[in-house]
Amino acid sequence: MKAGSNLEKVFEKKLFAVTGELGPPKGNDVSVVKRKAELLKGYVDAVNVTDNQTAIVRMSSIATSSLLIQMGLEPVMQMTTRDRNRIAIQSDVFGATALGIKNMLCLTGDHHTFGNQVDAKNVHDLDSIQLIDCVRTMRDQGKLLGGEEKIEGEVKLFIGAAENPFADPFEFRAVRLGKKVAAGVNFIQTQCIYDMNRFKEWMKMVRDRGLHEKCHILAGVTPLKSGGMARYMAKNVSGIIIPDEIIDRVVKSKKPAEEGIKICVEQIQELREVEGVHGVHIMAIEWEQMTSKITEMAGLLPRPKVE
Amino acid sequence: MIKAEQKPIDEILKYLDPYNKILLSGCGACVTVCQAGGEKEVGLLASGLRMARQKIGKKLEVLEATPARQCEPEFALEMSETIEKVEAVLSVACGVGVQTLVRHFPKMPIFPGVNTTFLGETITHGVWEERCQACGNCVLEKTGGICPISRCAKQLLNGPCGGSSKGKCEIKKEADCAWQLIYDRLKALNQLYKMEEVIPAKRWGVESRDSGLRRIVREDLKV
Amino acid sequence: MSTFDPKIIAFCCDQSGYPAADMAGTLKQKLPKNVEIVRVPCAGRIETIYLLKALEKGADGVLVFACFEENCQFLRGNLRAKGRLSYAHRMLEKIGLEKERIEICHLATNSGAKLAETLRRKSEQLKKMGPNPGKI
């Protein structure tokens, strides 16, 4: 066991894992965190807490993750390398683990120009792969990056990362996952999937390299709320591919939101059958209340209680 | 070479407001290539400044000079006699040129007339693009000659990120994804294995721009 | 009452403007007073600095007579001239001078009447604008 987190135990027991996502408030209103936490509690094994996603200033991931623990949920603390140098990163790893956080997702982060602080200095002291390596070094060797300082205490973290089978160059995406595995990643979550064929092609490349046995892969899904949302995402968000058939289904339906949920549930059922997929990561963006419905309809409830 | 762009003329006029006789000093090197501060641009700016001041009834005398390289003491010092005759110097050389003049003419106000923007390549006549950020430890061998520090918006050493789509960087339509370029180049050279190694973090604080004022000393050249 | 006869510098390219100016003479076209014709082999020979210096040294307006866009004998000379005029216009706008003081007119060798009419129009326009406040 790397950290003994709930998520890790679910994987160890070879059960199909489910994670959700929570975006912290644009401020310090704890009631927002509480409300969202209530919508997810009991429906997922762990909750991703985003880190100033799209470079918009929100309550820090470490603080929000700590609040979730107090509320009885298990967080997956996301950390980007965009805003912090290695001093702050390693310091936050000490702090996070001291507060009881056991899962960490290592990301590069959306570029600051997407957010509301476009004048900021871009840090990127490390990239996501160097971050994975850094955290692994702290955990397994008890040392800081640079190898000199011996850590006072033990850093136990279950290390995650993201990968996007829908970005380019496609042929390199499985290789890049290999680099993350070499750097020490334990689990990864993918960008939300609509193009099943491309995802399955990617999984084949991943399996050919034996990577599905070296890390746990959670397939990402996001329910589409409306035809407008589908069209917007397909056109404007880099690295998301939505096939026309899916957009059409939502657009032509009399109840698009319901159709979106239906599609999501079908996707989860199809993904469960893909060899090497050990779980699903549900990103119900601004629709957290649907997580309960989706997990229920997909037959993922009740969530296991693991020791 | 170093690329620069002329500052807005109203900003320059503000700097020159207290003075009536100035030297406008260009440079025959980098700023000539990017058409921001060479002899031609000196002539044009001088003419514009004179007419602008004439219009408001506050005549400005502008002497013009364009040394071969403003950042070399021997060329900068060629202007010594001219500089003695003026109240201030407006330099349209890069920031290095301005500071070279400051060091050699410590009692003379020296103002920048351009914004030094980046180290870049001429793509075609009239178009320049950033290529280098003087990071101090060149990684071009690992990336097929394409720089991820200056051309990747996130300075990734193990790219591409998840935002690389159809060869473009997600933050700027005009920008090619540097890591797509690196991938294509290494593939063409049969060196894709270089992209499979994890490149460790850059030593920004020691070898690079965060290590404080950088300096090169060649004892063998100090005669 | 003193009359203001705007000083106009007319750059005339050998392939269009200059023959047109000749023809204007043959046709006995009326030209405004105070026009100085500067002959150039091609509009592309006109450096941006000539446009600004003309104004600096006393002209109230500058006209460039060049060939139509696809007709430049030196291929892109008139396009280069266009780019240089646009630089000069930006400079004028930023220093508070009217950009109409510099203008390009496209014509052919036989456009004597057009050349004369353009010069007359410019002269009237400049009379209304007043003398160039930037001239030294």
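Rules used in this analysis
Residues numbered from 1 in each chain as written. Chains lettered and ligands numbered in written order. Predicted model: local features only at pLDDT ≥ 70, side-chain atom pairs only at ≥ 80, totals over all residues. Heavy atoms only, no water. Helix = DSSP H or I, 4+ residues; strand = E, 2+ residues; numbered from the N terminus. Rg over C-alpha atoms; globule rule 2.2 N^0.38 Å. Buried < 20%, exposed > 50% of the residue type's maximum accessible area, 1.4 Å probe, protein only. Contact = heavy atoms within 4.5 Å. Areas by Shrake-Rupley, 256 points an atom, 1.4 Å probe, with all protein chains shown as cover. Buried area = accessible area lost by both parts, 1.4 Å probe. Salt bridge = Lys/Arg side-chain N within 4 Å of Asp/Glu carboxyl O. Nonpolar A, V, L, I, M, F, W, Y, C, P; charged D, E, K, R; others polar. Pairing = 2+ DSSP bridges. Axes fitted to C-alpha atoms, helices over the stretch in contact; angles between N-to-C directions. Polar contact = N/O pair within 3.5 Å; in protein donor to acceptor, adjacent residues only side chain to side chain. Parallel < 35°, antiparallel > 145°, perpendicular 65-115°, else oblique. Left-handed = near helix turned anticlockwise from the far one by under 90°. Phe/Tyr/Trp six-rings, centres within 6.5 Å; stacked < 30°, edge-to-face > 60°. Lys NZ or Arg CZ within 6 Å of the ring centre and 35° of its normal. pLDDT = per-residue confidence, 0-100. Right-handed = clockwise from strand over helix to strand, strands pointing away.

**Thoughts on the overall build of chain A**
For step 1, the next point in the chain: Of regular secondary structure, chain A possesses eleven helices and eight strands.
For step 2, the next point in the chain: Relative to a compact globule of 307 residues, whose C-alpha radius of gyration would be 19 Å, chain A shows 19 Å and is just as compact.
For step 3, the next point in the chain: Based on the C-alpha atoms only, the size of chain A along its principal axes is roughly 60 × 45 × 45 Å.
For step 4, the next point in the chain: Within chain A, the fraction of its 307 residues that count as buried is 59%.
For step 5, the next point in the chain: Partitioning the contacts of chain A with sequence separation of at least 6, the portion at a separation of at least 24 is 79%.
For step 6, the next point in the chain: A total accessible area of about 12,900 Å² is found for chain A, and carbon and sulfur atoms account for 49% of it.

**A look at the interface of chain A and chain B**
For step 1, the next point in the chain: With 28 residues of chain A at the interface, the matching set in chain B holds 29 residues.
For step 2, the next point in the chain: With both sides pooled, the region where chain A packs onto chain B buries about 2,400 Å², and carbon together with sulfur makes up 52% of that total.
For step 3, the next point in the chain: Counting the contacts that link chain A with chain B gives zero salt bridges.
For step 4, the next point in the chain: Mapped onto the side of chain A that touches chain B, the elements with two or more residues apiece are helix H5 (128–140) and helix H6 (170–183) of chain A.
For step 5, the next point in the chain: Per-element tally for the side of chain A that touches chain B: the top contributor is H6(A), with six residues.
For step 6, the next point in the chain: Broken down by class, the residue content of the side of chain A that touches chain B amounts to eight nonpolar, ten polar and ten charged.

**Considerations on the sheet that holds strand S7 (residues 216–221) of chain A**
Residues and elements named next belong to chain A.
For step 1, the next point in the chain: The eight strands lie next to each other as S1-S2-S3-S4-S5-S6-S7-S8, forming a closed barrel whose pairing is parallel. Sheet twist, expressed as the mean angle between neighbouring strand axes with direction ignored, is 30°.
For step 2, the next point in the chain: In the sheet, strand S4 (residues 103–107) pairs with strand S5 (residues 158–163) via four bridges, with the strands oriented parallel. When the sheet's bridge partners are listed, cysteine 106 is paired in S5 with alanine 161.
For step 3, the next point in the chain: This element, helix H2 (residues 30–40), spans strand S1 (17–22) and strand S2 (46–49) of the sheet and lies at about 160° to S1.

**Examining the interface of chain B and chain C**
For step 1, the next point in the chain: In this assembly, 14 residues from chain B lie in contact with 17 residues from chain C.
For step 2, the next point in the chain: The three residues of chain B that bury the most area against chain C are Leu44(B), Met51(B) and Lys55(B), which together make up 43% of that side's buried surface.
For step 3, the next point in the chain: Where chain B touches chain C, the interface holds two salt bridges.
For step 4, the next point in the chain: Measuring nitrogen to oxygen at the nearest pair gives 3.4 Å for the salt bridge that ties Lys40(B) to Glu47(C).
For step 5, the next point in the chain: For the pair chain B and chain C, the number of links is five residue pairs in polar contact (both at pLDDT 80 or more).
For step 6, the next point in the chain: Among the elements that line the side of chain B that touches chain C, the one with the most residues is helix H3 (residues 39–55) of chain B, at eleven residues.
For step 7, the next point in the chain: Considering only residue class, the side of chain B that touches chain C consists of five nonpolar, five polar and four charged.

**Brief notes about the packing of helix H1 (residues 9–16) of chain B against H3(B)**
Residue and element names in this part refer to chain B.
For step 1, the next point in the chain: Where H1 meets H3, the axes come as close as 11 Å, and the angle between the chain directions of the two elements is 65°. Considered as vectors, H1 and H3 are oriented roughly perpendicular to each other. In this structure, H1 meets H3 at a crossing whose hand is right-handed. Mapping the contact onto sequence places Ile9, Ile12, Leu13 and Leu16 in H1 and Leu45, Gly48, Leu49, Ala52 and Arg53 in H3.

**Observations regarding the pattern of salt bridges**
For step 1, the next point in the chain: Tallied over the full model, the rule gives 43 salt bridges over all chains.
For step 2, the next point in the chain: Overlapping salt bridges, with partners in common, bring together Glu163(A), Arg173(A), Arg176(A) and Lys180(A) in one network.

**Let's talk about the packing of aromatic side chains**
For step 1, the next point in the chain: Counted under the stated rule, the structure contains seven aromatic pairs over all chains.
For step 2, the next point in the chain: Aromatic pair Phe199(A) and Trp202(A): ring centres 5.9 Å apart, planes at 35°, arrangement tilted. With Phe199(A) and Trp202(A) both in helix H7 (residues 196–208), this residue pair falls three residues apart, about one helical turn. The residues Phe199(A) and Trp202(A) share a single accessibility class, namely buried.
For step 3, the next point in the chain: When the ring of Tyr15(B) is compared with that of Phe111(B), the centres are 5.8 Å apart and the planes differ by 25°; the resulting orientation is stacked. Taken together, the residues span a long stretch of sequence, with Tyr15(B) in helix H1 and Phe111(B) in strand S5 (residues 110–112) at a distance of 96 residues.
For step 4, the next point in the chain: A residue is classified by how much of its surface remains accessible, and Phe111(B), at 19% relative accessible area, is buried.
For step 5, the next point in the chain: Positioned above the aromatic ring of Phe16(A) is the side chain of Arg272(A), whose terminal nitrogen or guanidinium carbon lies 4.7 Å from the ring centre.

**Brief notes about the environment of Leu119(C)**
All names here are of chain C.
For step 1, the next point in the chain: Relative to the assigned elements, leucine 119 resides in helix H4 (residues 112–129).
For step 2, the next point in the chain: Classification of leucine 119 by relative accessible area gives buried; the value is 0%.
For step 3, the next point in the chain: Sequence separation between leucine 119 and leucine 31 is 88 residues, and the spatial gap between their C-alpha atoms is 6.8 Å.

**A closer look at the side chain of Gln180(B)**
For step 1, the next point in the chain: Its place among the elements puts Gln180(B) in helix H8 (residues 178–188).
For step 2, the next point in the chain: On the accessibility criterion, Gln180(B) (13% relative accessible area) is buried.
For step 3, the next point in the chain: In contact with Gln180(B), not counting residues within four places along its chain, are Asp168(A), Pro169(A) and Gly167(B).

**Some words on the environment of Val102(B)**
Residues and elements named next belong to chain B.
For step 1, the next point in the chain: Mapped onto the elements, valine 102 comes out in helix H6 (residues 95–104).
For step 2, the next point in the chain: We classify valine 102 as partly exposed; its relative accessible area is 39%.
For step 3, the next point in the chain: The spatial distance from the C-alpha of valine 102 to the C-alpha of valine 89 is 9.8 Å, given a sequence separation of 13 residues.

**A short note on the sheet that holds strand S1 (residues 8–13) of chain C**
Residue and element names in this part refer to chain C.
For step 1, the next point in the chain: Strand order in the open sheet made by the four strands is S2-S1-S3-S4, with parallel pairing throughout. One side of each edge strand has no neighbouring strand; the edge strands of this open sheet are strand S2 (35–40) and strand S4 (102–106). In this sheet, adjacent strand axes meet at a mean angle of 20° when their direction is disregarded.
For step 2, the next point in the chain: Judged from the five bridges that link them, S1 and strand S3 (residues 61–66) form a sheet pairing that is parallel. Residue pairing in the sheet places phenylalanine 11 in a bridge with valine 64 of S3.
For step 3, the next point in the chain: Here helix H1 (residues 17–26) sits on the sheet in contact with S1, S2 and S3, set at roughly 115° to S1.
For step 4, the next point in the chain: Packing of helix H3 (residues 77–95) onto the sheet brings it into contact with S3 and S4, and relative to S4 it is tilted by some 155°.

**Some remarks on the confidence of the model for chain C**
For step 1, the next point in the chain: On average, residues of chain C score 95 in pLDDT, and 99% of them are at 70 or above.
For step 2, the next point in the chain: The complex model carries a pTM of 0.92, and its ipTM stands at 0.91.

**Things to note about the pairing of S4(C)**
All names here are of chain C.
For step 1, the next point in the chain: When S3 meets S4, the two strands line up parallel, connected through five bridges. Across the sheet, alanine 66 pairs through a bridge with histidine 106, a residue of S4.
For step 2, the next point in the chain: Note that the unit made of S3, H3 and S4 has a crossover that is right-handed.

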